[in-house]
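Residue strings, one per chain:
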Amino acid sequence: MRRGVANIKDVAAAAGVSISTVSRVLNHSGNVDDGLQARVKRAVRDTGYSANPIASSLKSTRRNQIAIVIPTLKRNYYTDIIKGVSEFFYEKEIIPVILESGGVFEKERELIASLEKQWVDGIILIPGQYGDGEEYERYVDSLSNLTKSGTGIPVVLVEAPRMNPKLDVVRADHETAFYAMAEHLLEIGRRRIAYLGNAASAPLYPSATRGVEQAFAAYGLSLEQKYIRNNNYTVMEGYRSMMDMIREGLPVDGVLCVNDQVAAGALNACQERGIPVPQETAIVGFEGTALSIVTSPSITTMIVPKFEIGETAAKLLHRRMEGERGEPEQILLRVHMAVRASTMNSARKALDVMFSE
């Protein structure tokens, strides 16, 4: 390979490691064992790779750095989204910085203001909640007007509804997904269905709930308020919500959950109380995490293409960073239902069913 033309992808291939590992070694960040470090450094020498982001930044207003702002690192849902973003930008020799808002509007706003001063080249934002009133509306509107030295800083919203016509959005089609989840339970004969959704302030709560309600309406039914519980995405929340309904004596024969963790908690509550799943109560989760496979019974779940969401958002942000103009895009990615043992004993659908946006 000619010296001076290698990129970070070439170094990764020569070292037999991931692009992110190369980046961590070059930037002295993260824990990389001595053996891997030696391989990466040897590959850098062999390929002639050279990166000088400081020199590059002196030539232009670009810092070759973008920010990923997320509500929390504790929720597994975001991990593959971050990976999809990071892998794309590492290949472009652009470094992503991950920041937590805690799901709090005020902190999110402060982070964005700080990033604008630090001259990042772009921002991928996963909002933590809706927020209320005119103040929040002004904040959302301001995201389309971030600048550095007269150059716009593009923002792409991920896993958020279209909150502003000036902003790009990339997300899974939650309305279609939750419609399909409810429809699956309804078509296997379940009618007393509990909806263990997320907090009403969560950005995608309205679209997910709308999908559930539309599925019920298609069967001439309505979602009863007493069967609705709000959760914070954890196993314990699912356990608590399901246990509360059991104690209240609510006759539940189906449970539709906001994620696989909540579904696992609901499953545990049923098992603790001797309620057979799926014979008496069928359970459906969302996300498609490894947890849905290792429970017994395994959990029917709607698989979200999280890596693809991150990668698609990264590509869109990069195009905006390169100066592409045009109407803001709202990209909805399709979801995939995996029907498993928590419903499959009475399911009429095939094991894998694709639902497009």
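Residues numbered from 1 in each chain as written. Predicted model: local features only at pLDDT ≥ 70, side-chain atom pairs only at ≥ 80, totals over all residues. Heavy atoms only, no water.

**Considering the overall build of the protein chain**
Stage number 1. The helix and strand tally for the protein chain stands at 13 helices and 15 strands.
Stage number 2. By residue count, 52% of the 357 residues in the protein chain fall in the buried class.
Stage number 3. Here the analysis covers contacts within the protein chain between residues at least 6 apart in sequence; of these, 73% occur between residues at least 24 apart.
Stage number 4. Counting only carbon and sulfur atoms, one obtains 48% of the accessible surface of the protein chain, whose full area is about 16,300 Å². (Helix = DSSP H or I, 4+ residues; strand = E, 2+ residues; numbered from the N terminus. Buried < 20%, exposed > 50% of the residue type's maximum accessible area, 1.4 Å probe, protein only. Contact = heavy atoms within 4.5 Å. Areas by Shrake-Rupley, 256 points an atom, 1.4 Å probe, with all protein chains shown as cover.)

**Considering the packing of helix α8 (residues 174–187) against helix α9 (residues 205–218)**
Stage number 1. Between α8 and α9, the least distance of the axes is 7 Å, while the angle of their chain directions is 40°. The two elements α8 and α9 cross, and the hand of that crossing is right-handed. Contact with α8, carried on its side by His-174, Glu-175, Phe-178, Tyr-179, Ala-182, Glu-183 and Leu-186, involves Ser-207, Ala-208, Arg-210, Gly-211, Val-212, Gln-214, Ala-215, Phe-216 and Ala-218 of α9 and no other residues of that element.
Stage number 2. Counted by class, the contact of α8 with α9 contains nine nonpolar, four polar and three charged residues. (Axes fitted to C-alpha atoms, helices over the stretch in contact; angles between N-to-C directions. Left-handed = near helix turned anticlockwise from the far one by under 90°. Nonpolar A, V, L, I, M, F, W, Y, C, P; charged D, E, K, R; others polar.)

**Description of the nonpolar core**
Across soluble globular proteins, nonpolar side chains show a tendency to be buried alongside one another.
Stage number 1. In this structure, Phe-89, Phe-178, Leu-256 and Ile-309 are the most contacted members of the largest nonpolar core, which totals 52 residues.
Stage number 2. Setting aside residues up to four positions removed in sequence, Ile-309 forms contacts with Tyr-77, Ile-81, Val-158, Glu-159, Val-170, Arg-171, Ala-172, Val-304 and Leu-333. (Core = buried A, V, L, I, M, F, W, Y, C linked by side-chain atoms within 4.5 Å.)

**Topic: a positive patch on the surface**
Stage number 1. Together, Arg-39, Lys-41, Arg-42 and Arg-45 give the surface a local cluster of positive charge.
Stage number 2. Structurally, the position occupied by Arg-42 is in helix α3 (residues 34–47). (Patch = residues over 30% accessible without salt bridge, like charges linked within 9 Å, V, L, I, M, F, W, Y side chains within 5 Å. Salt bridge = Lys/Arg side-chain N within 4 Å of Asp/Glu carboxyl O. Lys, Arg positive; Asp, Glu negative; His and termini not counted. Charge placed at Lys NZ, Arg CZ, Asp CG, Glu CD.)

**A closer look at the confidence of the model for the protein chain**
Low pLDDT means the predicted coordinates in that region are not meant to be read closely.
Stage number 1. Chain-level statistics for the protein chain give a pLDDT mean of 86 and a share of 88% at 70 or above.
Stage number 2. The low-confidence segment residues 54–59, where pLDDT is below 50, has three contacts with residues more than four positions distant or belonging to other chains.
Stage number 3. In the model, residues 346–357 has pLDDT below 50 throughout and makes 36 contacts with residues more than four positions away in sequence or in other chains. (pLDDT = per-residue confidence, 0-100.)

**Points about the pairing of strand β6 (residues 155–158)**
Stage number 1. Of the two faces of β6, both are covered, the one formed by Val-155 and Leu-157 as well as the one formed by Val-156 and Val-158.
Stage number 2. The pairing of strand β3 (residues 122–125) with β6 spans three bridges and is parallel. If you follow Leu-125 over to β6, its bridge partner there is Leu-157. (Pairing = 2+ DSSP bridges.)

**Some details on the layout of surface pockets**
Stage number 1. In this model, the largest pocket occupies a volume close to 620 Å³.
Stage number 2. Together, 31 residues line the largest pocket, and Pro-71, Thr-72, Arg-75, Tyr-78 and Tyr-233 are the ones closest to its centre.
Stage number 3. Elements supplying a minimum of two residues to the lining of the largest pocket: α5 (77–91), α8 and β11 (282–287).
Stage number 4. Broken down by class, the residue content of the lining of the largest pocket amounts to 14 nonpolar, 13 polar and four charged. (1 Å grid on protein atoms, 1.4 Å probe; cavity = no way out; pocket = protein on both sides within 12 Å on 5 of 7 lines; lining within 4 Å. Points joined across faces, edges and corners; volume = space filled by probe spheres on them.)

**Considerations on the sheet that holds strand β7 (residues 168–172)**
Stage number 1. In space, the six strands of this open sheet follow the order β2-β1-β3-β6-β7-β13, with parallel pairing throughout. Bordering the open sheet on either side are β2 (95–100) and β13 (330–333), each of which pairs with just one other strand. Averaged over all neighbouring strand pairs, the angle between strand axes comes to 20°, with direction disregarded.
Stage number 2. Packing of α5 onto the sheet brings it into contact with β1 (65–70), β2, β3 and β6, and relative to β1 it is tilted by some 175°.

**A short note on the packing of aromatic side chains**
Stage number 1. Going through the model one piece at a time under the given rule, you end up with five aromatic pairs.
Stage number 2. Each ring, one from Tyr-77 and one from Tyr-78, has its centre 6.0 Å from the other, and the planes form 80°; the classification is edge-to-face. For the pair Tyr-77 and Tyr-78, a shared accessibility class is recorded, and that class is buried.
Stage number 3. With a centroid separation of 6.5 Å and 75° between ring planes, the pair formed by Phe-178 and Tyr-195 is classed as edge-to-face. Here Tyr-195 lies in strand β8 (residues 193–198) and Phe-178 lies in helix α8, a separation of 17 residues in the sequence. As far as the burial class goes, Phe-178 and Tyr-195 line up, both buried.
Stage number 4. Ring-pair connections join several aromatic residues into one group, and the members of that group are Phe-178, Tyr-195 and Phe-286.
Stage number 5. Positioned above the aromatic ring of Tyr-78, the side-chain terminus of Arg-75 is 5.4 Å from the ring centre.
Stage number 6. One cation-aromatic arrangement involves Arg-75 over Tyr-233; the distance from NZ or CZ to the ring centre is 3.7 Å. (Phe/Tyr/Trp six-rings, centres within 6.5 Å; stacked < 30°, edge-to-face > 60°. Lys NZ or Arg CZ within 6 Å of the ring centre and 35° of its normal.)

**Topic: α5**
Turn by turn, an α-helix covers 3.6 residues, leaving residues three or four places apart pointing in a common direction.
Stage number 1. Taken across its 15 residues, α5 has eleven buried, putting it largely inside the fold.
Stage number 2. Taken as a whole, α5 has its buried residues at Tyr-77, Tyr-78, Ile-81, Ile-82, Gly-84, Val-85, Ser-86, Glu-87, Phe-88, Phe-89 and Tyr-90.

**Remarks on the pairing of strand β10 (residues 254–257)**
Stage number 1. Neither face of β10 is open: one carries Gly-254 and Leu-256, the other Val-255 and Cys-257, and all of them are buried.
Stage number 2. Relative to β10, β8 runs parallel, the two being bridged by four bridges. Note on β10: the bridge partner recorded for Ile-193 is Gly-254.
Stage number 3. Bridge count for β10 against β11 is three bridges, and the pairing is parallel. Looking at the pairing, Val-255 lines up with Ile-283 of β11.
Stage number 4. What joins β10 to β11 is helix α11 (residues 260–272), and the crossover it makes is right-handed. (Right-handed = clockwise from strand over helix to strand, strands pointing away.)

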